[in-house]
Amino acid sequence: MNSINKLALAVSLGLTTFASAATTNINSLQGYYKTRATIDYVSDKMMQNKVDFFALDYALHAKGIAIGGGALQLDNFETMLATHPHVSDTSQKDVLRQIKGQFGYKPYVCKVADSGAVIVFEVDDAGASCKLDPKTISKAMAKNTRTGKVTFFTQLGNESEQQYLIDTYLVNGKRETISSSFLHSFKGQLIGDVTKVTRDNSTGVARYNIEQYADYGSENGQKIAFKSYQWTSEPLNQDNSNLENVAVNTFMVMSGKANQMYDNNNNTLKDVATYWATRDVIGVHKNSRNEDVIIVDDVQRRLVLQSDSSVKNADAYNSESKSNWLDYNFNNIHDLTGESPDACMIKEISEGKPVVRYKGWYRSLGSCQPTAADIKGKEKVIFTTFTTGQGKQINVKDSALVRSAKDIIDVVDSVSNSVKPAAKIDDKVFAEMKAKYEMKEKEFAGFSSLQFWK
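It should be emphasised that the depicted structure is a prediction, and the values quoted were computed from it without experimental measurement.

1. Some thoughts on the overall build of the protein chain
Alright, step 1. Looking only at helices and strands, the protein chain has ten helices and 21 strands in total.
Alright, step 2. The globule rule puts the C-alpha radius of gyration for 454 residues at 22 Å, and the 25 Å found for the protein chain is close to it.
Alright, step 3. By its C-alpha atoms, the protein chain is 75 × 50 × 50 Å across when sized along the principal axes.
Alright, step 4. Out of the 454 residues in the protein chain, the part that is buried amounts to 48%.
Alright, step 5. In the protein chain, of all internal contacts separated by at least 6 residues, the share reaching a separation of at least 24 is 53%.
Alright, step 6. Counting every atom, the protein chain has about 21,400 Å² of accessible surface; 48% of that belongs to carbon and sulfur.
Alright, step 7. If you average the places of the 54 positive and of the 53 negative side-chain charges in the protein chain, the two averages end up 1 Å apart.

Here's what the structure looks like:
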């Protein structure tokens, strides 16, 4: 569905403030870039829900569908469209008619009440049970009668691999909160992640508080145990007016046979439990056209052994390490963290030259012209396209890609390498980040519950 159609539908749910251009696979991004993409991600999910849950939204509010009345047949599409409480003007109805074939719904629904919420869910026929059991429900919608919070629930997959999508929308005065959870079964556990965006409209400029929490379960020999929490040092203004020096923090807890780290003497420690703290600090620069170029000025990363905090290592991407600084920003901006072109490949993109990688060798600025000894025994690969985290192909000569490469290289070249890092994670900052993570771990403890209506 294009953005114009999504915007038309958004009006009926009061979500125009969250309207966006395209869905992004945020889990392929890092730090600030993941945070920035989150607003688009959750708003797109809500716009899509407006379509996918059209019939259930009707059933939830229709007075003719009684609570506890057993499985009832829905009205036909045109009747629902004519009397739908959230679809009023002609343009919205026309959009829904045009895309009717893109969303399906079962002809029967159940409507029940539990724990202060009204829940509607799809069933196959008039004789179906209306028992409220999330494991047997494929699609449901709920509304809390006290707070007004609306929840959308979808179950996918099969008996051996269930997946659940749970999205919520809540208005509280001038604050709007959207959350989006993805859960799946793993060794008898429900694991996954939740993304939460709160928009505060109480001031002249809307402000977004953005959080992500993940719990990917215990280790299994190949997969490590992993939990993380990501947050910003302050809410982001809608007009980008406060981005300069805002920090995006991530704290991760990892363990398992496949987890390892280097100790202070560069020895590899295997099967260890570690903490990993990262911090991005945002910068605003000017390009040759006097336009703002918003990038991460400093990335600091600190890995610490849980059993002995004196064992740690750290690295940074900033003006003191310009090649890493360049590729971190470019690859996250364009969602290329999987293929991850190195600094010299990005320079070749900016200059319109053949884009070359020598397998097993990361080239840094200043060593883009290899000697015969440098490339001996290394396979040469010429790239004409890259694949983004969403699976989209992008040509290396794409004008936006070339322009972006030029802009970021201009910034990297112009900034002095003596600029003091802004994101330094010392012992005090690390302890503060760990405490924040532990507090939020408790707050998000119930995010994987299937009792979506509570």
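After that view, the rundown keeps rolling.
2. As for the packing of aromatic side chains
Alright, step 1. By the definition in use, this model includes 19 aromatic pairs.
Alright, step 2. A centroid spacing of 5.7 Å and a plane angle of 15° characterise the contact between Tyr216 and Phe226, whose relative ring orientation is stacked. Placement of the pair is Tyr216 in the loop between strand S9 (207-215) and strand S10 (225-232) and Phe226 in strand S10, with a sequence separation of ten residues.
Alright, step 3. By relative accessible area, which is 26% here, Tyr216 ends up partly exposed.
Alright, step 4. A relative accessible area of 18% places Phe226 in the buried class.
Alright, step 5. Aromatic ring contacts, followed pair by pair, group Tyr213, Tyr229, Trp231, Phe444 and Phe447 into a single cluster.
Alright, step 6. Directly above the aromatic system of Phe53 lies the positively charged group of Lys139, at a separation of 5.4 Å from the ring centroid.

3. Thoughts on the pattern of salt bridges
Alright, step 1. This structure, assessed with the given rule, holds 24 salt bridges.
Alright, step 2. With its nearest N and O atoms 2.4 Å apart, the salt bridge here joins Asp427 to Arg302. Of this pair, Asp427 sits in helix H10 (residues 427-443) while Arg302 is found in strand S16 (residues 292-305), placing the two residues 125 residues apart along the sequence.
Alright, step 3. For Arg302, a relative accessible area of 9% translates into the label buried.
Alright, step 4. Close ionic contact of Glu443 with Lys440 constitutes a salt bridge, the shortest N to O distance being 3.0 Å. Remark: Lys440 and Glu443 occur in helix H10; sequence separation between them is three residues, near one turn of the helix.
Alright, step 5. The class of Glu443 is partly exposed, set by a relative accessible area of 44%.
Alright, step 6. Residue Lys440 is classed as buried on the basis of its relative accessible area of 9%.
Alright, step 7. The network of salt bridges with common partners includes Glu211, Lys440 and Glu443.

4. Things to note about the nonpolar core
Alright, step 1. Counting residues in each nonpolar core, the largest one holds 73 residues, and the members touching the most others are Tyr32, Phe54, Leu74, Met141, Phe330, Ile349 and Phe386.
Alright, step 2. Considering every element that reaches this core, the biggest residue donor is helix H2 (residues 31-52), with nine residues.
Alright, step 3. Residues contacting Met141, with those up to four places away along its chain left out, are Phe53, Leu56, Asp57, Leu60, Val118, Ile119, Val120, Val150, Thr151 and Phe152.
Alright, step 4. Counting residues in hydrophobic clusters, the runner-up holds 34 residues, among them Cys110, Tyr164, Phe430 and Trp453.

5. Some details on the pairing of S10
Every regular strand shows the same layout, with side chains that alternate between the two sheet faces.
Alright, step 1. Taking burial as the measure, the eight residues of S10 include seven buried ones, the bulk of the element.
Alright, step 2. Of the strand pairs in this sheet, S9 and S10 are connected by five bridges, and their pairing is antiparallel. Bridging from a neighbouring strand, Ala214 pairs with Ser228 of S10.
Alright, step 3. Note that S10 and strand S12 (residues 247-255) share eight bridges and pair antiparallel. Residue pairing for S12: Thr232 is matched across the bridge by Val248.

6. Re the environment of Pro107
Alright, step 1. Its place among the elements puts Pro107 in the loop between helix H5 (90-98) and strand S2 (108-114).
Alright, step 2. Between the C-alpha atom of Pro107 and that of Val123, which follows or precedes it by 16 residues, the distance is 7.7 Å.
Alright, step 3. Beyond its immediate stretch of four places on either side in the chain, Pro107 contacts Leu72, Gln73, Leu74 and Asp124.

7. Some details on helix H6 (residues 322-333)
Alright, step 1. Spanning twelve residues, H6 covers 16 Å between terminal C-alpha atoms, matching the ideal 16 Å at 1.5 Å per step.
Alright, step 2. When you tally the buried positions in H6, you get nine out of twelve residues, the bulk of the element.
Alright, step 3. For H6, the set of buried residues is Ser323, Trp325, Leu326, Asp327, Tyr328, Asn329, Phe330, Asn331 and Asn332.
Alright, step 4. Just beyond H6, the residue with positive phi is Asp335, at close to 55°.

Calculation rules
- Residues numbered from 1 in each chain as written.
- Predicted model: local features only at pLDDT ≥ 70, side-chain atom pairs only at ≥ 80, totals over all residues.
- Heavy atoms only, no water.
- Helix = DSSP H or I, 4+ residues; strand = E, 2+ residues; numbered from the N terminus.
- Rg over C-alpha atoms; globule rule 2.2 N^0.38 Å.
- Buried < 20%, exposed > 50% of the residue type's maximum accessible area, 1.4 Å probe, protein only.
- Contact = heavy atoms within 4.5 Å.
- Areas by Shrake-Rupley, 256 points an atom, 1.4 Å probe, with all protein chains shown as cover.
- Lys, Arg positive; Asp, Glu negative; His and termini not counted.
- Charge placed at Lys NZ, Arg CZ, Asp CG, Glu CD.
- Phe/Tyr/Trp six-rings, centres within 6.5 Å; stacked < 30°, edge-to-face > 60°.
- Lys NZ or Arg CZ within 6 Å of the ring centre and 35° of its normal.
- Salt bridge = Lys/Arg side-chain N within 4 Å of Asp/Glu carboxyl O.
- Core = buried A, V, L, I, M, F, W, Y, C linked by side-chain atoms within 4.5 Å.
- Pairing = 2+ DSSP bridges.
- Expected span 1.5 Å × (residues − 1).

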